[in-house]
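Given next are the chains, with one letter for each unit.
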Amino acid sequence: MTAAVGLQRPERIFCRETALVLYGVPLIAVPRAVHIRAMGTSEVGTRPLCGNLQTQAIQRRMPLRALAPPVPRGDAAEEVRQSYWRAVRGNTHTVEVPGITYDNGAPARVKVEPLAMVLIDTVPRMGKQEAVVALDAVFAAGADSRGWLTVERVSAGQVTADELMSAQQWLWSQRARSAWTWAAEFANPLSESPGESRSRVLIDELGFATPELQNVVRLADGSTARLDFEWPADGVVGEFDGRIKFTEAARLSGARAGEVYWNQVRREEALRDTGRRVARWGWDDLADPRRLEVKLLREGVSRKRPR
């Protein structure tokens, strides 16, 4: 659908969550609209996609939303909007749309705002879990030694600390600035999946001590294990088990999913043999934080503050 919008009107520039999807940034939920940047005040608004693109039912679920630029309060709105539009026009990126090609095999490409501007305009509007999922992935990708976002984590783009700092001029209110600052400071490039990112937010909100990420421990047989989470002072290991983790491990190793599962069971036994306790949780526990809380308390994870 995004490809259809962009290819029918090549001058359109995608923004907000739609642009994040095109950059390959993981989101918790599918965007509820196709977001484009309104390049004039008369374009602002929500409208159905063109009738020949999708059925009316899909149009109602996924409208086309043309959004005005973020305008910081206290500034002359029109002057700020014009400045933003100039910045977008001068720095628009072109990215490939995954899975969409022309008849000649060439990949379909559409225009998006620079990633730094997309993040500044989108992250402060998100809930904490959504914001951290996105920024963890971006910061992890940015940790590549070349300074480019890696294909494995975030495709088709580049963002630097200087670009993010410069884009903060578009934070439109103190509340937006506070939300951005919290998310940027909480984000950690060591999180390796959306599930781990969501877990970190819930662990913090439940009042538990901050875990260390991706620690490596030596097992009795001389091999090593890398841990999703560890509370060394409590002697507790935390492992997030997402279905994607098992599927990906099976794909990379060539083993069946059942074999991967039993390998994980043996791994947990080996971790317990080191004297550590192991807390495991999955997506269902993230959907019901009380379940996660019970599991962490059962294994003895300490609180950093009383609830």
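Placed above this text is the structure.
First, a word on what this report is: a plain description of the structure on this page. (Residues numbered from 1 in each chain as written. Predicted model: local features only at pLDDT ≥ 70, side-chain atom pairs only at ≥ 80, totals over all residues. Heavy atoms only, no water.)

1. Digging into the overall build of the protein chain
Along the protein chain, the regular secondary structure elements total 13 helices and 12 strands. Per-residue burial over the protein chain gives 46% buried out of 307 residues. Within the protein chain, contacts between residues separated by at least 24 positions form 60% of all contacts whose residues are at least 6 apart in sequence. For the protein chain, the computed accessible surface area is about 16,000 Å², with 50% contributed by carbon and sulfur atoms. (Helix = DSSP H or I, 4+ residues; strand = E, 2+ residues; numbered from the N terminus. Buried < 20%, exposed > 50% of the residue type's maximum accessible area, 1.4 Å probe, protein only. Contact = heavy atoms within 4.5 Å. Areas by Shrake-Rupley, 256 points an atom, 1.4 Å probe, with all protein chains shown as cover.)

2. Quick word on the side chain of Asp204
For Asp204, the location among the structural elements is in helix α9 (residues 194-205). Judged by its relative accessible area of 18%, Asp204 falls in the buried class. Among the polar contacts made by the side chain of Asp204, one reaches the side chain of Lys304 at a distance of 2.4 Å. (Polar contact = N/O pair within 3.5 Å; in protein donor to acceptor, adjacent residues only side chain to side chain.)

3. Things to note about α9
For α9, which comprises 12 residues, the first-to-last C-alpha distance of 17 Å matches the rise-based estimate of 16 Å (1.5 Å per residue) to within 8%. Those residues of α9 that sit buried are Gly195, Glu196, Ser197, Arg198, Ser199, Arg200, Val201, Leu202, Ile203 and Asp204. (Expected span 1.5 Å × (residues − 1).)

4. A look at the packing of helix α2 (residues 16-23) against helix α5 (residues 115-122)
Two numbers describe how α2 lies on α5: the axes approach to 9 Å, and their chain directions differ by 135°. For the element pair α2 / α5, the angle class is oblique. The element α2 and its partner α5 pack so that their crossing is left-handed. On α5, the residues that touch Arg16, Glu17, Ala19, Leu20 and Tyr23 of α2 are Leu115, Val118, Leu119, Asp121 and Thr122. Residues of the contact of α2 with α5, tallied by class, amount to 6 nonpolar, 1 polar and 3 charged. (Axes fitted to C-alpha atoms, helices over the stretch in contact; angles between N-to-C directions. Parallel < 35°, antiparallel > 145°, perpendicular 65-115°, else oblique. Left-handed = near helix turned anticlockwise from the far one by under 90°. Nonpolar A, V, L, I, M, F, W, Y, C, P; charged D, E, K, R; others polar.)

5. A word on the sheet that holds strand β7 (residues 212-213)
Note: strands within a sheet are paired through backbone hydrogen bonds, in either parallel or antiparallel orientation. Taken in spatial order, the 4 strands line up as β7-β10-β11-β12 in an open sheet, and their pairing is mixed. Of all strands in the sheet, those bounded by a partner on one side alone are β7 and β12 (277-281). The pairing of strand β11 (residues 236-240) with β12 spans 5 bridges and is classified as parallel. Across the sheet, Phe240 pairs through a bridge with Trp281, a residue of β12. On the sheet, α9 packs against β7, β10 (229-231), β11 and β12 and is oriented at approximately 30° with respect to β10. Sheet strands in contact with helix α13 (residues 289-299) are β10, β11 and β12, and its direction is about 175° off that of β12. (Pairing = 2+ DSSP bridges.)

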